[in-house]
Amino acid sequence: MTTPLALNPANRFTPMLQINPDLTDLVSDAAVGLATRLKSKATITAAAPGRVNLIGEHIDYCDGFVMPFAIDRYIVIAGCANGTTEARITSAISEEIAILDLTKTQEVGEPKWANYLRGVIRGFQDRGHHIPGFDAYILSSVPGGAGLSSSAALECATATFLEGLLDTVLDTREKALLCQKAEHDFAHVPCGIMDQFASAFGKPNRLVLIDCQSGEPELVPFENPDLTVLISNTMVHHELSDGGYAARRKHTEDGLAILGKASWRDVNASDVQTHWEKLGDPINRRSRHVVGEISRTIAAASALARNDFETLGPLMAASHDSLRDDFEVSCKELDIMVEIARKIGRNGGVIGARMTGGGFGGSTVTLCESRKASEIANTLASEYEKATGIKPQIFASRPSLGAHLIGK
Ligand code: GLA
């Protein structure tokens, strides 16, 4: 989901944001953090990125297609075996050291932020692995609560760290699914597969186009230097997001049951229209979103492949409108940010803009012409601040390497 370690606002984990983060700096800072806070020397360092989604929102749990990429913002875990049966884990943003007894099967516990790690350790334990004691220090450049999947990044970084610790390698798909299960069981967010797949499978210059019915990711080229992806963090996070997410998922399940179909891939727009009254509000609107977003994403993937930006832009716009009006996961601030991008328009270099991720706050994604990207970023920042009084974080990102061990 979007907010790492933050089911309880009191335990909110807002990773340190580095506006211009360099993974090499992050790695050396994490080693320093480990040495300073836990007096240990890093022998294993894992990194996993957040993600941004270009299109295909709230349909990964509906057998849809999604088109995210791994961003160049990472969570890094530096650590080492400590010769005990305990994990000692701390991070850049908290003085707290979480101690986990590894002789026990991991369960949800306190502090809450450590549940993401417990959940992943549990996944390894369920596969028969015995986890030796370790020290670990967490450092992040993925903005927290920004809809950029810092929690998936933390899960994937943990799984990759454990691979290093155990000197084993999981199949990438299995690793992503293990991390998704950690999110379900230990963070109680019934997420789909998009975030963990993007963080695990990401590659430089590639989008991770996922067919969520088959569970197969396809790495699609995205290397046109004339295109820039701007991420605009509205700095707004609505607290009810977790309940809102589960409620939306339930609506889609109810919709499918009412339509009497086994998969959303077997439903078309006229099925929804025909059964509009029977579906009832809001399930009919939720259903219209799912069906529309699946076809928009297929159309967007093909438009992008042929550099047809005049088709792609309106698809992104329609996606946002549907998320705002039918799926109701946008918010005022996301709408304002998208509206500013729309006003800049095609002549100003904007190809398309929409909210990205789970919604209820978080970020928008703006696809634009590289030569106008800084000007666009400045306008987004100043107009948004004028309209809301909030300073946003706006940065360009590019498809980057997924979860990996450093130096391996
Ligand atoms: C969150 C979930 C994903 C996906 C998006 C919405 O990020 O973790 O699985 O459902 O919301 O597209």
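Structure: see above.
No experiment lies behind these values; they were computed from the predicted model shown.

### Some remarks on the overall build of the protein
Okay, so step 1: Helix and strand counts for the protein come out as 12 helices and 13 strands.
Okay, so step 2: For 408 residues, the compact-globule estimate of 2.2 N^0.38 gives 22 Å, and the C-alpha radius of gyration of the protein, at 21 Å, lies within 12% of that figure.
Okay, so step 3: Of the accessible surface of the protein, which amounts to about 15300 Å², a share of 51% is contributed by carbon and sulfur atoms.

### Here we look at unusual backbone geometry
Okay, so step 1: With omega at -10 degrees, the peptide bond leading from Glu110 into Pro111 counts as cis.
Okay, so step 2: Tracing the chain through its elements places Pro111 in the loop between strand 5 (94-101) and helix 2 (115-126).
Okay, so step 3: With an omega dihedral of 5 degrees, the bond running from Asp281 to Pro282 counts as a cis peptide bond.
Okay, so step 4: Non-glycine residue Glu328 carries a positive phi angle of around 50 degrees.
Okay, so step 5: You can see Glu328 is positioned in the loop between helix 10 (309-325) and helix 11 (332-344).
Okay, so step 6: Of the residues examined, Glu328 reaches a relative accessible area of 34% and is grouped as partly exposed.
Okay, so step 7: Of note in this structure, Phe360 is not a glycine but carries a positive phi near 60 degrees.
Okay, so step 8: Mapped onto the fold, Phe360 is located in the loop between strand 10 (350-356) and strand 11 (361-369).

### Quick notes on the sheet that holds strand 4 (residues 86-91)
Okay, so step 1: The 6 strands lie next to each other as 5-4-6-3-1-13, forming an open sheet whose pairing is mixed. Edge positions in the sheet fall to strand 5 and strand 13 (404-405), since each of these pairs with one other strand and no more.
Okay, so step 2: As judged from the 9 bridges shared by strand 1 (residues 44-53) and strand 3 (residues 68-81), these two strands associate in the antiparallel manner. Within strand 3, the residue paired with Ala46 across the bridge is Ile77.
Okay, so step 3: Relative to strand 6 (residues 134-140), helix 1 (residues 23-38) is tilted by about 135 degrees, and along the sheet it contacts strand 1, strand 3, strand 4, strand 5, strand 6 and strand 13.
Okay, so step 4: Docked against the sheet, helix 5 (residues 194-201) engages strand 1 and strand 3, running at close to 125 degrees with respect to strand 1.

### Quick look at helix 4 (residues 172-186)
One turn of an α-helix holds 3.6 residues; hence residues three or four places apart share an orientation.
Okay, so step 1: Taking 1.5 Å as the rise per residue, helix 4 with 15 residues should run 21 Å; its terminal C-alpha atoms sit 21 Å apart, in good agreement.
Okay, so step 2: Of the positions making up helix 4, those classed as buried are Lys175, Ala176, Leu178, Cys179, Gln180, Ala182, Glu183 and Phe186.
Okay, so step 3: Residues of helix 4 that are buried in the fold lie against helix 2, helix 3 (150-166) and helix 5.
Okay, so step 4: Just downstream of helix 4, His188 is the residue with a positive phi angle, here 60 degrees.

### Side note on the site of the ligand
Okay, so step 1: In the region of the ligand, 13 residues are neighbours, and Glu57, His58, Asp60, Asp195 and Tyr245 sit closest.
Okay, so step 2: At a separation of 2.5 Å, an oxygen atom of the ligand approaches a polar side-chain atom of Asp60.
Okay, so step 3: Within the contact set of the ligand, an oxygen atom lies 2.9 Å away from a backbone nitrogen or oxygen of Gly192.
Okay, so step 4: The fraction of the free accessible surface of the ligand (310 Å²) that becomes covered by protein chains is 100%.
Okay, so step 5: Grouping the amino acids of the shell around the ligand by side-chain chemistry returns 5 nonpolar, 4 polar and 4 charged.

### Section: the packing of helix 2 against helix 3
Okay, so step 1: Packing of helix 2 against helix 3 brings their axes to within 9 Å, and their N-to-C directions diverge by 45 degrees. Looking at the two axes, helix 2 sits oblique to helix 3. The two elements helix 2 and helix 3 cross, and the hand of that crossing is right-handed. Touching Tyr116, Leu117, Val120, Ile121 and Phe124 of helix 2 are Ser151, Leu154, Glu155, Thr158, Ala159, Leu162, Glu163 and Leu166, all from helix 3.

### Quick notes on the environment of Leu323
Okay, so step 1: One can find Leu323 in helix 10.
Okay, so step 2: Leu323 sits in the buried class, given a relative accessible area of 0%.
Okay, so step 3: Residues Leu323 and Arg354, spaced 31 residues apart in sequence, show a C-alpha to C-alpha distance of 9.1 Å.

### A word on the layout of surface pockets
Okay, so step 1: Put simply, the largest pocket is a space of about 290 Å³.
Okay, so step 2: What lines the largest pocket is a set of 17 residues, among which Glu163, Val169, Lys175, Ala403 and His404 lie closest to the centre.
Okay, so step 3: For the lining of the largest pocket, the secondary structure elements donating two or more residues are helix 3, helix 4 and strand 13.
Okay, so step 4: When residues of the lining of the largest pocket are assigned to their parent elements, the largest contribution, 3 residues, is made by helix 3.
Okay, so step 5: Looking at the lining of the largest pocket residue by residue, the classes come out as 6 nonpolar, 6 polar and 5 charged.
Okay, so step 6: Volume-wise, the second largest pocket comes out at about 210 Å³.
Okay, so step 7: Listing elements by their share of the lining of the second largest pocket, those giving two or more residues are strand 9 (227-237) and strand 12 (393-397).
Okay, so step 8: No other element matches strand 9, which puts 3 residues into the lining of the second largest pocket.
Okay, so step 9: Along the lines of polarity and charge, the residues of the lining of the second largest pocket split into 6 nonpolar, 5 polar and 3 charged.

Basis of the calculations
- Residues numbered from 1 in each chain as written.
- Predicted model: local features only at pLDDT ≥ 70, side-chain atom pairs only at ≥ 80, totals over all residues.
- Heavy atoms only, no water.
- Helix = DSSP H or I, 4+ residues; strand = E, 2+ residues; numbered from the N terminus.
- Rg over C-alpha atoms; globule rule 2.2 N^0.38 Å.
- Areas by Shrake-Rupley, 256 points an atom, 1.4 Å probe, with all protein chains shown as cover.
- Buried < 20%, exposed > 50% of the residue type's maximum accessible area, 1.4 Å probe, protein only.
- Pairing = 2+ DSSP bridges.
- Contact = heavy atoms within 4.5 Å.
- Axes fitted to C-alpha atoms, helices over the stretch in contact; angles between N-to-C directions.
- Expected span 1.5 Å × (residues − 1).
- Near = heavy atom within 4 Å.
- Polar contact = N/O pair within 3.5 Å; in protein donor to acceptor, adjacent residues only side chain to side chain.
- Nonpolar A, V, L, I, M, F, W, Y, C, P; charged D, E, K, R; others polar.
- Parallel < 35°, antiparallel > 145°, perpendicular 65-115°, else oblique.
- Left-handed = near helix turned anticlockwise from the far one by under 90°.
- 1 Å grid on protein atoms, 1.4 Å probe; cavity = no way out; pocket = protein on both sides within 12 Å on 5 of 7 lines; lining within 4 Å.
- Points joined across faces, edges and corners; volume = space filled by probe spheres on them.

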